[in-house]
Amino acid sequence: MSTPKKLFIKTYGCQMNVYDSERMAEALGGQGYVETTSADEADMILLNTCHIREKAAEKTYSELGRLKALKKDKPDLKIGVAGCVAQAEGAEIMRRQPAVDLVVGPQSYHRLPEMEAKTRTGATALDTDFPEEDKFEKLASRPKAKRGPSAFLTVQEGCDKFCAFCVVPYTRGAEVSRPVSRILDEARDLVERGVREITLLGQNVNAYHGAGPDGSDYTLAKLIWDLDRVDGLERIRFTTSHPNDMTDDLIEAHGTCAKLMPYLHLPVQSGSDRILKRMNRSHTADSYLRLIERIRAARPDIVMSGDFIVGFPEETEADFQATLDLVEEVNYGYAYSFKYSTRPGTPAAERAQVDVAEADDRLQRLQALITQQQHAIQNDMVGRTVHVLFEKPGRLAGQMGGKSEYLHAVHVDNANVEIGQIAPVRITSASTNSLAGVLV
Ligand code: SAH
Ligand code: SF4
Ligand code: F3S
């Protein structure tokens, strides 16, 4: 047998890219590739890229600049760019960085094997189509290798919402939901391989409307109830949701489905109605707050998470103050805040930009408030018993680490537990990024 070729994948951006990278590795596994964690020994390097903010996109080019040097010692090395920068910039990438052999957009990953073969003839390969066929159906099925207890599973992809700042509708295309039966098959397969927790992924995961076994349209809640019946699957999560797609059945499931974890990532972006309108968000600050009230009525201990953009064009100090007010009212367990980044081709790029120093200052103030809330919620866990899904050994000998139902990282010393086990843990202390506890 010939020695297998080595594949190095570097993943940027969101969880969907993490999932896609796993699937690309599997697809190229069929071409005789095995994964390596070292770029130096790779025969093929793939960057799975993110275009969401300028900094993210520019990382692609600085990384490519470093990697091209590897070709000097290894002329057969192939370098590919996948993901959202590939989709957004296409052939431009090869013009800017001629060391690139292959550019593949997120909807064309099932074509990777033939594209790889093409690069082996010395040609370049480019595919940024939005093909009719479903890439997930055509991607090689997973090898039956054992894997960690927590896995991602993409159920929906793309976005039809067109927020004025966002590239995702252009890089991922229109909203598409995978059929229920395929998702259930994949979930059962993951469980057989050791998975206990599945996080359902979609750019607008709660807009899921895949075809059910009887041909009827499913909601995300209906899909969750089907997954609830998969033996051996203990935990279900989903991300990212849009406030307008939080349907009644989904809110109800948070109160009644024991496998659905009490954590919800529900981005709002701003607390100012004027800005929300200019963002094309089609919800108000008040409708968002009322929605959270209903979610908390269904599941009082749910931990909320969100995303915010500060310095969106035309944002005034008063608009920003409204965002701080909303954060005060919600009380987030986690929240991610970003300085607005101008993205070519999006409507907001044409508008009056906020002064950079002003935006930096707002970002700092918002992050200070969020950090304060996050720590308070973590500190509140001390003395409580949570249930931890153990995922890996901790940093110290004998330590084991995992996640609570609220998604807090928890570690336990001298823990007599197996990876993949869920066990009750009484929290004894909270530090900046994790909780410590003892097995009950
Ligand atoms: N589909 C999800 C996530 C989209 S991207 C949603 O609708 O919420 C993740 C986050 O990146 C967004 O929620 C937003 O807060 C941020 N983001 C998107 N475009 C941005 C831009 N141009 N500048 C700064 N942050 C941005
Ligand atoms: Fe982007 Fe808005 Fe779609 Fe989220 S809902 S992916 S922020 S356009
Ligand atoms: Fe980035 Fe594309 Fe995800 S732009 S956030 S990798 S959908």
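Treat the numbers as computed from the prediction; the structure is a model and nothing was measured.

Rules and cut-offs
- Residues numbered from 1 in each chain as written.
- Chains lettered and ligands numbered in written order.
- Predicted model: local features only at pLDDT ≥ 70, side-chain atom pairs only at ≥ 80, totals over all residues.
- Heavy atoms only, no water.
- Helix = DSSP H or I, 4+ residues; strand = E, 2+ residues; numbered from the N terminus.
- Rg over C-alpha atoms; globule rule 2.2 N^0.38 Å.
- Buried < 20%, exposed > 50% of the residue type's maximum accessible area, 1.4 Å probe, protein only.
- Contact = heavy atoms within 4.5 Å.
- Lys, Arg positive; Asp, Glu negative; His and termini not counted.
- Charge placed at Lys NZ, Arg CZ, Asp CG, Glu CD.
- Pairing = 2+ DSSP bridges.
- Axes fitted to C-alpha atoms, helices over the stretch in contact; angles between N-to-C directions.
- Near = heavy atom within 4 Å.
- Polar contact = N/O pair within 3.5 Å; in protein donor to acceptor, adjacent residues only side chain to side chain.
- Areas by Shrake-Rupley, 256 points an atom, 1.4 Å probe, with all protein chains shown as cover.
- Nonpolar A, V, L, I, M, F, W, Y, C, P; charged D, E, K, R; others polar.
- Expected span 1.5 Å × (residues − 1).
- Domains from an automatic or database assignment.
- Salt bridge = Lys/Arg side-chain N within 4 Å of Asp/Glu carboxyl O.

## Here's the deal with the overall build of the protein
Then, in step 1: Per the secondary structure count, the protein includes 15 helices and 19 strands.
Then, in step 2: Its C-alpha atoms give the protein a radius of gyration of 22 Å, near enough to 22 Å, the size a compact globule of 440 residues would have.
Then, in step 3: Here the C-alpha coordinates of the protein stretch approximately 60 × 55 × 50 Å along the principal axes.
Then, in step 4: Every one of the 440 residues in the protein was classed for burial, and the buried ones make up 54%.
Then, in step 5: Within the protein, contacts between residues at least 6 apart in sequence are counted, and of these 71% link residues at least 24 apart.
Then, in step 6: One way to put it: in the protein the 54 positive side-chain charges average out to a point 4 Å from where the 63 negative ones average out.

## A few points about the sheet that holds strand E17 (residues 409-412)
Then, in step 1: Pairing within the closed barrel is mixed, and its five strands lie in the order E15-E16-E17-E19-E18. On average, each strand axis in the sheet is inclined to that of its neighbour by 50°, with strand direction left out of account.
Then, in step 2: As defined by bridge partners, strand E16 (residues 400-403) adjoins E17 across four bridges and the pair is classed as antiparallel. Among the inter-strand pairings, Gly401 is bridged to a residue of E17, identified as His411.

## What about the sheet that holds strand E7 (residues 150-154)?
Backbone-to-backbone hydrogen bonds pair the strands of a sheet. The strands run either parallel or antiparallel.
Then, in step 1: If you walk across this open sheet you meet the three strands as E7-E10-E11, and the pairing is parallel. Two strands in the sheet have a free side with no partner beyond their single neighbour: E7 and strand E11 (235-239). Ignoring which end each strand starts from, the neighbouring axes of this sheet average 25° apart.
Then, in step 2: Of the pairings in the sheet, the one linking strand E10 (residues 197-201) to E11 comprises five bridges and is parallel in character.

## Let's talk about the site of ligand 1
Then, in step 1: Around ligand 1, the surrounding shell holds 14 residues, and the nearest of these are Phe165, Gln203, Gln269, Asp307 and Ser341.
Then, in step 2: A distance of 3.1 Å separates an oxygen atom of ligand 1 from a polar atom in the side chain of Arg53.
Then, in step 3: Interatomic distance of 2.6 Å between a backbone N/O atom of Gln203 and a nitrogen atom of ligand 1.
Then, in step 4: In the complex, 89% of the free accessible area of ligand 1, which totals 540 Å², lies under the protein chains.
Then, in step 5: Listed by contribution, the elements that provide at least two residues to the shell around ligand 1 are strand E13 (303-310) and strand E14 (334-339).
Then, in step 6: For the shell around ligand 1, a count of residues per class yields six nonpolar, four polar and four charged.

## Concerning helix H15 (residues 356-380)
Then, in step 1: Taking 1.5 Å of rise per residue, the 25 residues of H15 would be expected to cover 36 Å, and the 36 Å separating its terminal C-alpha atoms lies within 8% of that figure.
Then, in step 2: Among all positions of H15, only Ala359, Arg362, Leu363, Leu366, Leu369, Ile370, Gln373, Gln374, Ile377 and Gln378 are buried.
Then, in step 3: Here the buried face of H15 lies against E13, helix H14 (317-330), E14, strand E18 (422-430) and strand E19 (435-439).
Then, in step 4: Where H15 begins, one side-chain oxygen reaches toward the backbone nitrogen of Ala357, 3.3 Å away; that side chain belongs to Asp355.

## Examining the domain arrangement of the protein
Then, in step 1: For the protein, the assigned domains read domain 1 (5-127), domain 2 (141-261) and domain 3 (385-439).
Then, in step 2: For domain 2 versus domain 3, the separation of C-alpha centres amounts to 26 Å.
Then, in step 3: Between domain 2 and domain 3, the residue contacts involve eight residues of the former and twelve residues of the latter.
Then, in step 4: The interface formed by domain 2 and domain 3 holds zero salt bridges in total.

## Points about the site of ligand 2
Then, in step 1: In the vicinity of ligand 2, the residues found are Cys159, Lys161, Phe162, Cys163, Phe165, Cys166, Val168, Pro169, Asn204, His242 and Arg281.
Then, in step 2: Split by residue class, the shell around ligand 2 holds seven nonpolar, two polar and two charged.

## Considering the side chain of Asp307
Then, in step 1: In this structure, Asp307 sits in strand E13.
Then, in step 2: For the buried Asp307, no salt bridge is present, and the opposite-charge side chain at shortest range is Arg53, 7.1 Å distant.
Then, in step 3: There is a polar contact of 3.2 Å between the side chain of Asp307 and the side chain of His265.
Then, in step 4: Not counting residues within four places of it along the chain, the set of residues in contact with Asp307 comprises His265, Pro267, Val268, Gln269, Tyr336 and Phe338.

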